[in-house]
Amino acid sequence: MQTRQVGDGVNRPMVFSGTVGQSDSGTVTDLLIYWLTERLVYLGRTVVAIAWWRWMMVLIATLALQLWPVQRLFAQTETSCPGYYLSPQQRIGINVAREGGKEITDYAVEALGLGWYLDYTRHEEPAHPATSAPPGQMAYIPMIRPSHFGAARSAGTLTPVLTQKLSTAVANNPGSTWLLGNEPDNQEQDHLTPAAYAEFYHSAYAVIKGLDPSAQIAIAPVTQVTPLRLRYLDAILAAYQSRYGQPMPVDIWTVHIYMLPEGFGTPVAAGVNNGEISPDAAPAWGIGVPPGLEEYAAEAVTFTQEQHDDLHLFAEQVIGMRAWLAERGYREKPLYLTEYGILLSPDHGFDEARVEAFLLGSTAWLQGAKNPLTGFPADNNQLVQRWAWFSLNFYSFDPTPGSEHGLEGLNGNFFEHGSGTITTLGKQFKRFMDRLHSRTVDLAFETNVLPSESKEPVSTPPALTIVNRGDATANGFRLRLWWGKTPIETVAIEDHLLPHCGNRVTIPLQWEIALGLEASQLRLQLLPSLGQVEYDIADNTTFVEIDITKIPTNTQTIDVEKAFRLP
């Protein structure tokens, strides 16, 4: 996003009602409480208060069932985690503004510990600044702007021109993710009708895949998720299907999340000029109706200025986008939030504290947002796989008369555009990322020891293979054992788990079970050591159904492939 117009409206649309909240005044505190409550509820399900009558069950289970780890075995060092997985730092990125000839290398971005960036263009040899995120350098996502190829599109020479312009960059960056455009729904950005964008996408997709079959192609993001913008995406899919006779092939979906009025002419509530409130100090703001959808202008959403940092509306848009993808058969695709932030200035009521609260609140929500029905299955049903804040370095808003670029400036920058000095917001974000890098672990039972499809309870002890997918070394961990809802014991494991699945700890278990008990469930839960923070508790628990009646002897060997059965 490079220029935005946002202002006052009259109504607060709940675009996807009943998803996060129905409050008329969604605040940062509300969503943080919501986010924390969800996790406390989850934890509450695993730590059940034991009524007096259960103490007898505890005694019986303790006498009848004895579990203990007998040894720990290290496997070979791995270079990455199995399956589709990004570490907490890898997920977080930044938008770089190239106005004034600036590049990411003009700023001390290494200190932020970010995982990736985009800068709204492409480079034959892009910079990959050092970072504490794996694999030690920032990933880069190039963008192909259809607005840069207008003459070729008009002349019918788009395919050969794209081939000529992109061949070196694609060859130099095999396996890269290529983002095909930026906000084609926005008259201030790429501004294409659905049919025109479908045509451009088809040509660019074919050219890049022809040059590099391993390349990943990402569809351009719409500016925000509203009924009008989703109608625009539906029109793109329909245009592609009609013209090319097949569904649109998309490797990665992208989206932007803002709360902006969908129509120009909406006045900003207040501007500032020489310290005096003046309605003329800021123009009317908005993003307009998507091209080709003028007949649906009545569906335009009018967000108010005060809703610009509404975290409830932010979350509703993410949830709504994932629901839309699932309904159209794209649930199995990653979703990248390639731009979001606070555009309105302190003079419009968005001071540093308010921007920081939105930044950290949205980051916290994105880190934990999952849905078993619409989330990305390969990423443990997480809703968003990567997200990027706007911006690293765009011009700051400055209403002082004579200030260069002041009135076109925006908010939320981590560095001052000209001087390269880190801002207060940038310092706060750095502290957040430092904590994420130094303390955050992500303990998990490894996917390659998941259960077979058999629904039968097992009668042999399982072997547990545990990895750490987080960004910090796990300085030991704890394994909590439950018999049904009754806790048995918590075992401290002293072995360190390296970050990014750098090693594995395998713990074979043995048990001695008195015959005659009915089948029951053994629950195993991973807990971080004191002083460390667990990133994702959803993958810290696994279950084993044990059929006591089928155990002929006290101790047996383990068949790992049949040991587990998850609910």
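All figures in this text were calculated on a predicted structure; none of them were measured in a lab.

**Quick word on the state of the cysteines**
Moving on, step 1. Throughout the structure, instances matching the rule amount to one disulfide.
Moving on, step 2. Covalently, Cys-81 is tied to Cys-501 through a disulfide, its sulfur atoms 2.1 Å apart. Note on the Cys-81 and Cys-501 pair: the S-S dihedral is about 100°, so by sign convention the disulfide is right-handed. Residue Cys-81 is located in the loop between β2 (73–74) and α3 (88–91), and its partner Cys-501 is located in the loop between β17 (486–493) and β18 (505–513); the two are separated by 420 residues in the primary sequence. Taken as a pair, Cys-81 and Cys-501 share a single burial class, namely buried.

**Details of the sheet that holds strand β5 (residues 139–140)**
Moving on, step 1. In spatial order, the strands read β5-β4-β3-β12-β11-β8; together these six strands make up an open sheet with parallel pairing. If you trace the sheet from one side to the other, it starts and ends with β5 and β8 (253–257), each paired once.
Moving on, step 2. Summarising the sheet, strand β4 (residues 116–118) and β5 pair through two bridges and their orientation is parallel. Across the sheet, residue Trp-116 finds its bridge partner in β5, namely Ala-139.

**Some points on the environment of Tyr-84**
Moving on, step 1. Considering the arrangement of structural elements, one finds Tyr-84 in the loop between β2 and α3.
Moving on, step 2. When its relative accessible area of 27% is taken as the criterion, Tyr-84 is described as partly exposed.
Moving on, step 3. Sequence separation between Tyr-84 and Pro-377 is 293 residues, and the spatial gap between their C-alpha atoms is 9.4 Å.
Moving on, step 4. Excluding residues within four positions of it along the chain, Tyr-84 makes contact with Pro-334, Tyr-336, Phe-376, Ala-378, Asp-379 and Gln-385.
Moving on, step 5. Within the structure, the side chain of Tyr-84 is placed 3.5 Å from the side chain of Tyr-336, a separation counted as a polar contact.

**Topic: the pattern of salt bridges**
Moving on, step 1. Inspection of the entire model under this criterion finds 16 salt bridges.
Moving on, step 2. Residue Arg-145 pairs with Asp-190 through a salt bridge whose shortest N-O separation is 3.0 Å. Here the residue Arg-145 occupies a position in the loop between β5 and α4 (150–155), and Asp-190 occupies one in the loop between β6 (177–180) and α6 (194–211), the gap between them amounting to 45 residues. Accessibility classification places Arg-145 together with Asp-190 in one group, the buried group.
Moving on, step 3. We note a salt bridge from Glu-327 to Arg-328, for which the minimum N-O separation is 3.1 Å.
Moving on, step 4. On the basis of relative accessible area, Arg-328 is assigned to the partly exposed category, the value being 32%.
Moving on, step 5. Connected through shared salt-bridge partners, Asp-185, Arg-229 and Glu-262 make up one network.

**Remarks on a positive patch on the surface**
Moving on, step 1. On the surface, Lys-427, Arg-431, Arg-435 and Arg-439 cluster together into a patch of positive charge.
Moving on, step 2. Within the secondary structure layout, Arg-435 lies in helix α10 (residues 424–439).
Moving on, step 3. Of the residues examined, Arg-435 reaches a relative accessible area of 42% and is grouped as partly exposed.

**Some points on the confidence of the model for the chain**
Moving on, step 1. Chain-level statistics for the chain give a pLDDT mean of 80 and a share of 74% at 70 or above.
Moving on, step 2. Low confidence marks residues 269–283, where pLDDT is under 50. Its contacts with residues over four positions away, or in another chain, come to 24 contacts.
Moving on, step 3. Below a pLDDT of 50 lies the segment residues 553–567, which in the model reaches 49 contacts outside its immediate sequence neighbourhood of four places, other chains included.

**Digging into the packing of aromatic side chains**
Moving on, step 1. A full pass over the atoms with the stated rule returns 22 aromatic pairs.
Moving on, step 2. Relative to Phe-358, the ring of Phe-314 has its centre 5.7 Å away and its plane inclined at 85°; by these criteria the two rings are edge-to-face. With Phe-314 in helix α8 (residues 311–327) and Phe-358 in helix α9 (residues 352–368), this pair connects stretches of sequence that are 44 residues apart.
Moving on, step 3. Residue classification places Phe-358 among the buried positions, given a relative accessible area of 1%.
Moving on, step 4. Ring centres of Phe-358 and Trp-389 lie 6.2 Å apart, and the angle between their planes is 45°; on these two criteria the pair is classed as tilted. One end of the pair, Phe-358, is in helix α9; the other, Trp-389, is in strand β12 (residues 386–389), with 31 residues separating them in the sequence.
Moving on, step 5. In this structure, Arg-231 is placed above the aromatic ring of Tyr-296, and the distance from its NZ or CZ to the ring centre is 4.0 Å.
Moving on, step 6. The ring of Phe-350 carries the charged tip of Arg-354 above its face, separated from the ring centre by 4.0 Å.

Calculation rules
Residues numbered from 1 in each chain as written. Predicted model: local features only at pLDDT ≥ 70, side-chain atom pairs only at ≥ 80, totals over all residues. Heavy atoms only, no water. Disulfide = S-S within 2.5 Å. Helix = DSSP H or I, 4+ residues; strand = E, 2+ residues; numbered from the N terminus. Buried < 20%, exposed > 50% of the residue type's maximum accessible area, 1.4 Å probe, protein only. Pairing = 2+ DSSP bridges. Contact = heavy atoms within 4.5 Å. Polar contact = N/O pair within 3.5 Å; in protein donor to acceptor, adjacent residues only side chain to side chain. Salt bridge = Lys/Arg side-chain N within 4 Å of Asp/Glu carboxyl O. Patch = residues over 30% accessible without salt bridge, like charges linked within 9 Å, V, L, I, M, F, W, Y side chains within 5 Å. Areas by Shrake-Rupley, 256 points an atom, 1.4 Å probe, with all protein chains shown as cover. Lys, Arg positive; Asp, Glu negative; His and termini not counted. Charge placed at Lys NZ, Arg CZ, Asp CG, Glu CD. pLDDT = per-residue confidence, 0-100. Phe/Tyr/Trp six-rings, centres within 6.5 Å; stacked < 30°, edge-to-face > 60°. Lys NZ or Arg CZ within 6 Å of the ring centre and 35° of its normal.

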